[in-house]
Amino acid sequence: MPTATNGSVSLYYDREGDGDPVVFVPEAGLGGWSWGWQHAGLAGPYEAIVWDLRGTGRSDAPRGPYSLEDLVADLEAVLADCGVRNAHLVGCGLGGAIALRAARTSSRVATLSLFGTAAEEPAFDLEPLFAPPDDREALHDSLSAGLSADFRESHPDVCEGIVDWRVDGDADRAGWEAQVAALEGVDATDSLTDVTQPTRVFHGTEDDLVPVSAGEDLARGLPRGEFVPLEGAGHLAFVEQSRAVNDLLAGFLEAQSGDTP
């Protein structure tokens, strides 16, 4: 089991494929399973790297609260352990905030693809997506916060599979609270002009956890930002519309490959 270390904290990650590295940063409380569709779709032409945030899954869960700086340092440790000089970062929610901060503080970030992400804390309402990993009914019910009603009704088997993965890989309450604390007071509005990497801001138009307007504002504030609405999708739009999202990601990464040192 590959692990990176940041101080005394062990961080689990998985890597597969060749080519330019694409590193997936999960939403608060969600295990690496959440990027499974993108991992499978991009591994091969790219090296897909998925990791569990501290407090989640197979990574250590030191007592919180965690700061955004802690989580960015964890990301840096994973990149260093993998020998990555330049990575395409793909993040959702808290994961997007981590990626956005890393773009300003790390020399290893080539591009950003952000899902359901905002520039400041008040736009995030992540509580409805949390459920205890040992409560299958609560896990199933909480999917209504991340996935549209149309998707849940038309893909019941997928939703049951997601519940299975959440039982095995999601954070407990203490881990989730420690992670979400990293968003406290976050306001990147005035520093967005420092993020010069090409960035696509993807947002489900039915996202109930982060307003679409917050994604639009984020893209507008980034020098090389582009807003991409995903019609009818919820917060976990990359799960609902995985095939379309994978095509969009692949096209974006291919277009930027010449900019990657």
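All values derive from a computational prediction rather than experimental measurement.

*Asks:* Before we go on, may I ask you to explain the pattern of salt bridges in this structure?
*Replies:* One pass over the structure, following the stated rule, counts 12 salt bridges. As a salt-bridge pair, Arg136 and Glu160 come within 3.5 Å of each other at their nearest N and O atoms. Placement of the pair is Arg136 in helix α4 (residues 136-142) and Glu160 in helix α6 (residues 156-169), with a sequence separation of 24 residues. Residue Arg220 is joined to Asp217 by a salt bridge in which the shortest nitrogen-to-oxygen separation is 2.7 Å. In this pair, Arg220 and Asp217 both sit in helix α8 (residues 212-221), three residues apart, roughly one turn of the helix. Judged by relative accessible area, Arg220 falls into the exposed class, the value being 61%. Take Asp217: its relative accessible area is 45%, and that puts it in the partly exposed class. Bridged by salt links that share partners, the residues Glu127, Arg173 and Glu177 form one connected network.

*Asks:* Could you clarify how one ought to interpret the side chain of Arg200 in this entry?
*Replies:* Looking at the secondary structure, you find Arg200 in strand β7 (residues 199-204). Among the polar contacts listed, one links the side chain of Arg200 to the side chain of Glu226, at a separation of 3.2 Å.

The rules behind these values
- Residues numbered from 1 in each chain as written.
- Predicted model: local features only at pLDDT ≥ 70, side-chain atom pairs only at ≥ 80, totals over all residues.
- Heavy atoms only, no water.
- Salt bridge = Lys/Arg side-chain N within 4 Å of Asp/Glu carboxyl O.
- Helix = DSSP H or I, 4+ residues; strand = E, 2+ residues; numbered from the N terminus.
- Buried < 20%, exposed > 50% of the residue type's maximum accessible area, 1.4 Å probe, protein only.
- Polar contact = N/O pair within 3.5 Å; in protein donor to acceptor, adjacent residues only side chain to side chain.

Scope: geometric values only; no functional claims are made or implied.
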